[in-house]
Structures are given as structure tokens and as C-alpha cells.
Amino acid sequence: MFLFFFSLSIIAPFIDVPSMVKSGKITYHSLFFLAEKENKGVIKVHGGTLFDYYFVFQKNMKGQERTKLVIYEYLKGLKNLIESQNQDIIIEGTSYIINERTAKKLGLKKVQTNSSQLIILIFNYFNLAMSISLVKRKLHLPNLSNLNTYQGEVSAIKSKEVFIDKMISRLDANN
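Keep in mind that this is a model prediction, so the values were computed, not measured.

Thresholds, definitions, all that
Sequence order as written defines residue numbering, which begins from 1 separately in each chain. For a predicted model such as this one, the threshold for reporting local features is a pLDDT of at least 70, and the threshold for listing and counting side-chain atom pairs is 80 or more; totals across whole chains, interfaces and linings nevertheless cover every residue. Only hydrogens and water are set aside; all other atoms, that is, all heavy atoms of the structure, feed into the side-chain values. Under the DSSP-based scheme used, a helix requires at least four consecutive residues in state H or I and a strand at least two consecutive residues in state E, with every element numbered from the N terminus. Each radius of gyration is computed over the set of C-alpha atoms, and the globule rule expresses the reference value as 2.2 Å times the number of residues to the power 0.38. Here's how the labels work: a residue is buried when its accessible area is under 20% of the maximum for its type, exposed when over 50%, partly exposed in between, all with a 1.4 Å probe on protein chains only. Here a residue-residue contact requires only that any non-hydrogen atoms of the pair lie within 4.5 Å. Two residue types count as positive, namely Lys and Arg, and two as negative, namely Asp and Glu; His and chain ends fall outside the count. Just so you know, the charge point we use is NZ for Lys, CZ for Arg, CG for Asp and CD for Glu. In this scheme Phe, Tyr and Trp rings, the latter by its six-membered ring, pair at centre separations within 6.5 Å, and the angle between planes marks the pair as stacked below 30 degrees, edge-to-face above 60, and tilted otherwise. When DSSP finds two or more bridges between a pair of strands, those strands are recorded as paired. Inter-axis angles, ranging from 0 to 180 degrees, are taken between N-to-C directions of lines fitted to C-alpha atoms, where helices are fitted over the stretch in contact. Residue classes follow a fixed rule: Ala, Val, Leu, Ile, Met, Phe, Trp, Tyr, Cys and Pro count as nonpolar, while Asp, Glu, Lys and Arg count as charged, and any other residue, Gly among them, counts as polar.

### Some thoughts on the overall build of the chain
For step 1, the next point in the chain: Regarding its fold elements, the chain presents 8 helices and 6 strands.
For step 2, the next point in the chain: In the chain, the succession of α and β elements from N to C terminus is α-β-β-β-α-α-β-α-β-α-α-β-α-α.
For step 3, the next point in the chain: A compact globule built from 175 residues should have a C-alpha radius of gyration of about 16 Å, and the chain, at 16 Å, falls within 12% of that.
For step 4, the next point in the chain: Based on the C-alpha atoms only, the size of the chain along its principal axes is roughly 45 × 40 × 35 Å.
For step 5, the next point in the chain: Out of the 175 residues in the chain, the part that is buried amounts to 37%.
For step 6, the next point in the chain: Expressed as a percentage of contacts within the chain between residues at least 6 apart in sequence, the contacts between residues at least 24 apart total 74%.
For step 7, the next point in the chain: The positive charge centre, built from 23 side chains, and the negative charge centre, built from 14, are 7 Å apart in the chain.

### A closer look at the environment of Lys25
For step 1, the next point in the chain: Mapping Lys25 onto the fold places it in the loop between α1 (2–23) and β1 (26–30).
For step 2, the next point in the chain: Assessed through its relative accessible area of 53%, Lys25 is described here as exposed.
For step 3, the next point in the chain: Separated by 105 residues in the primary sequence, Lys25 and Met130 place their C-alpha atoms 24 Å from one another.
For step 4, the next point in the chain: Other than its neighbours up to four places away in sequence, Lys25 contacts Met20, Ala35, Glu36 and Lys37.

### Considerations on the packing of aromatic side chains
For step 1, the next point in the chain: Under the criterion given, the structure shown has 6 aromatic pairs.
For step 2, the next point in the chain: Note on Phe51 and Phe55: the rings are 5.2 Å apart at their centroids and 65° apart in plane angle, and the pair reads as edge-to-face. Within this pair, Phe51 and its partner Phe55 are both found in helix α2 (residues 50–56), separated by 4 residues, close to a single helical turn.
For step 3, the next point in the chain: A relative accessible area of 21% means that Phe51 is categorised as partly exposed.

### As for the sheet that holds strand β3 (residues 42–47)
For step 1, the next point in the chain: Strand order in the open sheet formed by 6 strands is β1-β2-β3-β4-β6-β5, with mixed pairing between adjacent strands. Edge strands, defined here as strands with exactly one partner in the open sheet, are β1 and β5 (109–111). The sheet shows a mean angle of 35° between the axes of neighbouring strands, taken without regard to direction.
For step 2, the next point in the chain: Bridge count for strand β4 (residues 90–95) against strand β6 (residues 148–153) is 6 bridges, and the pairing is antiparallel. For Ile90, the partnering residue across the bridge sits in β6 and is Glu153.
For step 3, the next point in the chain: Against the sheet, helix α3 (residues 63–83) contacts β1, β2 (33–36), β3 and β4, and its axis sits at roughly 115° relative to β1.

### Observations concerning the packing of α3 against helix α6 (residues 125–136)
For step 1, the next point in the chain: α6 packs onto α3 with a crossing angle of 115° between their chain directions and a minimal axis gap of 6 Å. Along the contact surface, α3 presents Gly63, Arg66, Thr67 and Val70, while α6 presents Leu134, Val135 and Lys136.
For step 2, the next point in the chain: Broken down by class, the residue content of the contact of α3 with α6 amounts to 3 nonpolar, 2 polar and 2 charged.

Encoded structure:
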């Protein structure tokens, strides 16, 4: 049974992501930044998947270079998303990587994590572990006790656009 769930968690993004993109349920706003279709004024965002990392990273890239590329693409994706949305739309994402201080700099605030989101992340734990390990080029197990959900109105995120642009420029200069 364990092997079944492990295999399903690893294989699913190679099937789910392309089919959800094709059906319009998910849109890429950069290489590693995906957003669901708006639902009741909220757009849920997701980071890159194992599918993305597997096909994008060059084999000779170091872990630090991969990490910078991921952050760069997250910021580009966030910027692309807010430029295409109304001011009152809410952007929401759950992460075990971003801390509250960083989220605030991006115009986001910490909110209660939805229990169904937590269950989905627990179910996908092996996939998350493989994804982050692929980024870092070494075994890395996500610490789900650091899991937080953040959200912010597009207008609040746009008010931090100067900070976002500076981070993009800084990371782009290092690529």
C-alpha cells in the first residue's frame, strides 16, 4: 500500500499538470509558478512541480544555481500574475519555504492553512521531497511544521512591486 501511494505521488504530476494546463484549470506564469483559475475572487498559486524541475534543470547546474533560478521564476511568475489581474483579486499560496517576514515584503499576510490543503501536501510529501532534493541536488526532506498559507490582494502585492523588481534584477544578474 505504501509503495502504491509513493508511486502515485511521484507519477501524478507528469500526468496531472499537462492535462490541467490543457484544460485551462492551471496556467504557467513562469517556468516554476503556476496559478489555478480564479474562483470566487481567489487565485491559488503553486510552485514548480517535479515535472517542471525534471525537464528544466540542466544536469550540470549546482544546487545553489537551481535554487536561485526557482526563486527568480517564482518572483517573475508572481509579477506576471498580478499584472494580468484586477486589484481586488486575492492571491493565495501555501508554502513550507517562505517565512512570514518575506511574505510581508511581497505584500502577503499569513492566514489559517486550510485542512484539505494540509492533507494534500501530506499526501504529496514524497513528491515534495523529490522536488526539493532535485533543486538542491541532495536529499532534503521538507519540514511541514513550517507550513504556512499566505494571501494578499493584487493591489497589496503591486504596492511591493519595487521590492519584487529589485529581487528579480538581483537574481537575474547572478544567472
